[in-house]
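Residue strings, one per chain:
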Amino acid sequence: METTYLICAVAGGTVLLAQTLLSLLGGVGHTDIHADDALETIADAHDSFLKLLSLKTIVAFITFFGLTGLSGRSAGWGDWTTLGIAMAAGVVALWIVAWLMSSLAHLQSRGNVDMNNAVGQPAQVYLPIPGQHKGHGKVLVTVQGRTVESRAQTSGPTLETGASAVVVAVHDDIVEVQRA
């Protein structure tokens, strides 16, 4: 079992260090993949559990499981005691990292952009917008001097990628557009 703890500590620690360095250097640290992104169709009851699972949280679990297991073996704890405490430490690390990532996500904002100021502005269709309010697409629109990507809908016919449009209304951060 000591070999398992060592492998977990080394592998998890290496990935954790790489993630930290990439985040500090402006790398891929902000593109954490959540399991619920890939499994959107799973029932809502499972969403809170799935939001805990990300590459960062799993790496934290493995790292602290391995480190605690090695520490327990070095301290002379029994096999089952070491395993239980190592599992608990891994779960605590997973929860803490998930909470930290959730807290960081809440800090993101669009600054002081008020999407209501987009009404009357020209927009470029980025992803096709199904007609007659049958779904959403995306547009690029300049609001308060910033180019913003926004979900969009239309009451008219389908708008294809690249079409020019005009924002006619804003409903809960979804812009309604019409062909220009």
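Refer to the preceding data block for the structure.
A short tour of the structure in this document, coming up. Everything numeric in this text was worked out from a predicted model, so none of it was measured.

What follows deals with the overall build of the protein chain. The helix and strand tally for the protein chain stands at five helices and five strands. When the helices and strands of the protein chain are read in sequence order from the N terminus, they spell out α-α-α-α-α-β-β-β-β-β. Counting all 180 residues of the protein chain, 32% fall into the buried class. Residue pairs in contact within the protein chain that sit at least 24 positions apart in sequence constitute 51% of those at least 6 positions apart. When the accessible surface of the protein chain is totalled, it reaches about 11100 Å², and 63% of it is carbon and sulfur.

Right, let's talk about the nonpolar core for a bit. Of all hydrophobic cores here, the largest spans 18 residues; its most connected members are Met115, Ile129, Val139, Val141, Val167, Val175 and Val177. Every element with two or more residues in this core is listed here: strand S1 (122-127), strand S2 (137-143), strand S3 (146-153), strand S4 (164-171) and strand S5 (174-179). Here valine 141 is in contact with Met115, Ala118, Gln121, Pro122, Ala123, Arg146, Thr147, Val148 and Val167, once residues within four sequence places are set aside.

This part is about helix H4 (residues 55-74). For H4, which comprises 20 residues, the first-to-last C-alpha distance of 29 Å matches the rise-based estimate of 28 Å (1.5 Å per residue) to within 8%. Of the residues making up H4, those classed as buried are Lys56, Thr57, Val59, Ala60, Thr63, Phe65, Gly66, Thr68, Gly69 and Gly72. At the C-terminal side of H4, glycine 76 shows a positive phi close to 85°.

The next point concerns the sheet that holds S1. Spatially, five strands are ordered S1-S2-S3-S5-S4 in a closed barrel, and the strand pairing comes out mixed. When strand polarity is set aside, the average angle formed by the axes of neighbouring strands in this sheet is 55°. Relative to S5, S4 runs antiparallel, the two being bridged by six bridges. Across the sheet, the residue bridging to valine 166 is glutamine 178, located in S5.

Definitions and limits used
Residues numbered from 1 in each chain as written. Predicted model: local features only at pLDDT ≥ 70, side-chain atom pairs only at ≥ 80, totals over all residues. Heavy atoms only, no water. Helix = DSSP H or I, 4+ residues; strand = E, 2+ residues; numbered from the N terminus. Buried < 20%, exposed > 50% of the residue type's maximum accessible area, 1.4 Å probe, protein only. Contact = heavy atoms within 4.5 Å. Areas by Shrake-Rupley, 256 points an atom, 1.4 Å probe, with all protein chains shown as cover. Core = buried A, V, L, I, M, F, W, Y, C linked by side-chain atoms within 4.5 Å. Expected span 1.5 Å × (residues − 1). Pairing = 2+ DSSP bridges. Axes fitted to C-alpha atoms, helices over the stretch in contact; angles between N-to-C directions.

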